[in-house]
Amino acid sequence: MGQLLLVNVLQEPLFCGKLNWPKVHKYRPRPCSFLEECVQSQQSLKCHSVHYSIQGTGKVVNHVEDPLNHKAFDCNGEESDTLPYVQTLREFPKKDLVEKVVLVRFDSTILVQKEADQIAQSASNALFTIKYLHEGGAKVILVSDWSVRNNPRLFDTESIADILSSALQLRVVPARCVSPERLAKTENYEKTDILLLDNLSEFKEEVANCPKFAEALSSGVDIFVNESFSQSHKILASNVGVTRFCYACVAGFQFEESLNQLQNLKETKREPYVAIIGGGNILDKAAALHFLASRCEGLVFVGMMCFQIMHVLGLAVPLNLVERGAVKEALDIVQFAESRNVQIVYPKDFLCKNDQLPDQLEIFPSHGILDGWIPVDVGPVTLDEIKSLLSKCKKTLWIGPVKFHKSSYISGASKLAQILVQLSQNDCDVTVVGNIACEAIMKESSPVSVFNIIYNASVVWEFLKGRKLPGAIALDRAYPFYIDWNAVYVDPSKPLVVDIGSDSEWTGNGLFLLGMAKRRLDLNFLGLEINKKLVRRCLDSLQRFGMKNGYFIATNATSAFRSIVSSYPGKLFLVSIQCPNPDFNNPDHRWRMLQRSLFEAVVELLVPTGKVFLQSDIEAVSLRMKEEFLKYGKGRLIVHEESNAITSEGWLKENPFGVRSDWEQHVLDRGDPLYRVMLSKSTNAE
């Protein structure tokens, strides 16, 4: 799944073209005195770093592993990023929740649509998310949509608040608005820990993802937690729009579990893998069926789609049951499955009814349904064949209902559920998708049954089609791999220097980091750069010159900095951010990567006396970077000043390292100034 490039510097060169060592510019370098001071001062300080475990695959990258193997590919062999690695509440520092305002978009279908005795079982993770935030000292604001028409007991916000209060065993206070900022002005706001906003289904701006509505919904909010997985295939103000206005956007425990279940659908480690496919509309789901045919050893059709499959196989079926305009798609699926030796199973008999004989049911073979009779359920021969096929399986997916037309017969679904319950007790990985299928298997389940449940089938179908889920894409990204630092550096206990945005993508060869690594063998250097081509060039240079104290990762530092750097065994002594994104057409883009989450992570992970070096050729950019670091450093950072080295405007006159970056040299060559500042972490900050 990983879209991020992680390459070990000990590998063979990945860049095939020639790349000369960066040109040494003619100026006398100054000694890097502050690093000497920083390293020496740490010998007398006892401090610690907070390390956070990296969730996900937990795959170790070593010096012989091809980083491209981490990527996910669709059935056509193309790279897929439909399911990105996102930041989760599990990985978010719990101490950073204290006194924060957290907006939780919850799923009403699993929290309030169930009876009270079912809530604990079906939504324990979603409930745990809310309790976890409350116990962490956050002000929790809940928001969702619910249908009064489908459930009369969900009449108003007060009734929802009562249901949630009962389930959480905490007091949930209803609010007659959708703006947390307005709530903050009310009399009892400070005394209330959990609030519930108005029903979003009453606002058309929600479905339209109206920016003003999203801004009002997130006004005064620090952190957004998405727990509405069932809406993740939609672009709504409450799951996509609000992420523009919150400094951290993470997946809750239930959302994280659902993402893991989706990922599991792609895995083929357990074979045979069989998909049981119900429902209809093969035209819309053709891409998903292609994907399943690329992963499974068998496709079992038990819904309306079976008639389309039987039709293209040349079997006689009533034409009124065949979906019009979908012959080509069905034929493509059958041919693709046959090319991969994927077994296709369709019903051999049906339970049928006749409107003229309402009290009579008859079983007909699938090729011999008489006129006037309509299939309402699968027959016993079909169920026996399915049971025989599944008995050999190690992994099974059931998606879609065993249903024909508007039939209310559930005998086939119940018997299929019994088969899957038995399989789950015999070391078979069973996933059930869709409300009808989930309800059927829950009725047949026993305490020893183990299976994955996903109630919303629409989300899964969209995922199987290879489409991105907007609700997941909008969340902050996380770095997906565990890094084996012993394979990266000869000595991973050395102090670490991190350069974010390793030189310009226009002229960049990673000159700054490479030059520093060559000069300071007592330190390790790490470049975090989003441009993969630049990372390849830098890694090639490291390889050519046999440098063992340098490393580059292609990633988004804004979201991945904490998870990467916090796992490093040594201490973080310096972070440099130089000339971020030289976009001549839109200078505002220069600080688009500099978000509150990055500022806080840098300040937290730096050791006392550690430094932050900021530099840009646009004064407003340097000024904003400095102000933001000081703001979110909360008194832990101060401006590091040296006499005779500061201009009257407060900028450093010279580069304090004695090594210039590519873009820095480019700016100086054209005669323009650079605006530099050094910040230092206070020794009593911890």
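The model shown is predicted, which means the values in this text are computed figures rather than measured ones.

### Considering the overall build of the protein chain
Looking only at helices and strands, the protein chain has 24 helices and 27 strands in total. Every one of the 686 residues in the protein chain was classed for burial, and the buried ones make up 57%. Residue pairs in contact within the protein chain that sit at least 24 positions apart in sequence constitute 78% of those at least 6 positions apart. When the accessible surface of the protein chain is summed, it comes to about 29,800 Å², and 49% of that surface belongs to carbon and sulfur atoms.

### Section: the pairing of strand β15 (residues 357–365)
In regular strands, side chains alternate between the two faces of the sheet. Pairing between strand β14 (residues 349–354) and β15: six bridges, direction antiparallel. Looking across to β15, one finds that F350 is bridged to F364. The turn joining β14 and β15, which pair antiparallel and follow one another in sequence, is formed by two residues.

### Here we look at the packing of helix α13 (residues 380–390) against helix α14 (residues 411–424)
Contact geometry of α13 with α14 gives a least axis separation of 11 Å together with a crossing angle of 15°. As judged from the angle between their axes, α13 and α14 are roughly parallel. Note that α13 runs across α14; the crossing there is right-handed. Mapping the contact onto sequence places L383, I386, K387 and L390 in α13 and G412, K415, L416, I419, L420 and L423 in α14. Partitioning the contact of α13 with α14 into residue classes produces seven nonpolar, one polar and two charged.

### As for the environment of V497
On the secondary structure map, V497 appears in strand β21 (residues 496–500). What makes V497 buried here is its relative accessible area of 0%. The spacing of V497 and G527 is 30 residues in sequence and 8.5 Å in space, taken between C-alpha atoms. Apart from residues lying up to four places away in sequence, V497 is in contact with L523, N524, F525, L526 and L574.

### Things to note about helix α16 (residues 457–464)
Buried residues dominate α16, accounting for seven of its eight residues. The complete set of buried residues in α16 reads A457, V459, V460, W461, E462, F463 and L464. Sitting at the head of α16, N456 places a side-chain oxygen 3.0 Å from the backbone nitrogen of S458.

### Regarding the sheet that holds β14
Taking strand neighbours across the sheet as the criterion, the three strands line up as β15-β14-β16 in an open arrangement whose pairing is antiparallel. Sheet topology places β15 and β16 (373–378) at the edges, where each strand pairs with a single neighbour. Taken pair by pair, the neighbouring strands of this sheet meet at an average axis angle of 35°, ignoring direction. Where β14 lies against β16, five bridges are found, and the strand directions are antiparallel.

### Let's talk about the side chain of T129
Structurally, the position occupied by T129 is in helix α4 (residues 124–135). A residue is classified by how much of its surface remains accessible, and T129, at 0% relative accessible area, is buried. With sequence-adjacent residues up to four places away left out, T129 is seen in contact with L89, V225, E227, G252, F253 and Q254.

### Section: the sheet that holds strand β10 (residues 248–251)
Strand order in the open sheet made by the six strands is β7-β8-β6-β5-β9-β10, with parallel pairing throughout. Each edge of the sheet is formed by a strand with only one pairing partner; in this case those strands are β7 (172–174) and β10. Strand-to-strand twist across the sheet, computed as the mean angle between neighbouring axes with direction ignored, equals 25°. The pairing of strand β9 (residues 223–227) with β10 spans four bridges and is parallel. Across the sheet, V225 pairs through a bridge with V250, a residue of β10. Across the face of the sheet, α4 comes into contact with β5 (101–106), β6 (139–143), β8 (194–196) and β9 while running at roughly 160° to β9. Strand contacts of helix α5 (residues 157–168): β5, β6, β7 and β8, with the helix running at about 175° to β7, the strand carrying the most contacts.

### Considering the packing of aromatic side chains
For the structure on display, the rule yields 19 aromatic pairs. The interplanar angle of 35° and the centroid separation of 5.5 Å between the aromatic rings of F203 and F213 together place this pair among those described as tilted. Within this pair, whereas F203 is found in the loop between β8 and α7 (204–207), its partner F213 is found in helix α8 (residues 211–217), the two being separated by ten residues in sequence. Assessed through its relative accessible area of 23%, F203 is described here as partly exposed.

### What about unusual backbone geometry?
Residue E271 is joined to P272 through a cis peptide bond whose omega torsion reads 0°. Secondary-structure assignment places P272 in the loop between α9 (253–266) and β11 (273–277). With phi around 65°, E99 is a residue other than glycine that occupies positive phi space. Here E99 shows up in the loop between β4 (79–80) and β5. Even without being a glycine, Q169 presents a positive backbone phi close to 60°. For Q169, the location among the structural elements is in the loop between α5 and β7.

### Describing helix α20 (residues 532–544)
Along its 13 residues, α20 runs 18 Å from first to last C-alpha, staying within 8% of the 18 Å computed at 1.5 Å per residue. Listed as buried for α20 are L534, V535, R537, C538, L539, D540, S541 and L542. Looking at the buried side of α20, the elements it contacts are α19 (511–519), β22 (524–529) and β23 (550–554). Sitting at the head of α20, N531 places a side-chain oxygen 2.9 Å from the backbone nitrogen of K533. Immediately beyond the C-terminal end of α20, within one or two residues, lies G546, with a positive phi of roughly 60°.

### Considerations on the nonpolar core
The biggest cluster of nonpolar side chains holds 107 residues, and the ones touching the most others in it are L390, W398 and L464. For this core, the element with the highest residue contribution is α14, accounting for seven residues. Residues in contact with L464, not counting those within four places in the same chain, are L265, A287, A288, F291, L292 and I399. Membership of the second largest hydrophobic core comes to 41 residues, among which are L526, L528, F561 and L598.

### Regarding the pairing of strand β17 (residues 395–399)
Buried residues dominate β17, accounting for five of its five residues. Residue alternation in β17 divides its side chains into two sets, K395, L397 and I399 and T396 and W398, and both sets are buried. Strand direction decides the pairing type here: β11 and β17, joined by five bridges, are parallel. Bridge pairing in β17 places A275 opposite L397.

### Concerning the packing of helix α22 (residues 596–605) against helix α23 (residues 619–633)
Remark: α22 packs on α23, axes separated minimally by 9 Å, with the N-to-C direction vectors making an angle of 65°. For α22 against α23, the interelement crossing comes out right-handed. Contacts between α22 and α23 involve R596, F599, E600, V602 and V603 from the first element and E628, F629, Y632 and G633 from the second. Residues that form the contact of α22 with α23 fall into these classes: five nonpolar, one polar and three charged.

What counts and what doesn't
- Residues numbered from 1 in each chain as written.
- Predicted model: local features only at pLDDT ≥ 70, side-chain atom pairs only at ≥ 80, totals over all residues.
- Heavy atoms only, no water.
- Helix = DSSP H or I, 4+ residues; strand = E, 2+ residues; numbered from the N terminus.
- Buried < 20%, exposed > 50% of the residue type's maximum accessible area, 1.4 Å probe, protein only.
- Contact = heavy atoms within 4.5 Å.
- Areas by Shrake-Rupley, 256 points an atom, 1.4 Å probe, with all protein chains shown as cover.
- Pairing = 2+ DSSP bridges.
- Axes fitted to C-alpha atoms, helices over the stretch in contact; angles between N-to-C directions.
- Parallel < 35°, antiparallel > 145°, perpendicular 65-115°, else oblique.
- Left-handed = near helix turned anticlockwise from the far one by under 90°.
- Nonpolar A, V, L, I, M, F, W, Y, C, P; charged D, E, K, R; others polar.
- Polar contact = N/O pair within 3.5 Å; in protein donor to acceptor, adjacent residues only side chain to side chain.
- Phe/Tyr/Trp six-rings, centres within 6.5 Å; stacked < 30°, edge-to-face > 60°.
- Expected span 1.5 Å × (residues − 1).
- Core = buried A, V, L, I, M, F, W, Y, C linked by side-chain atoms within 4.5 Å.

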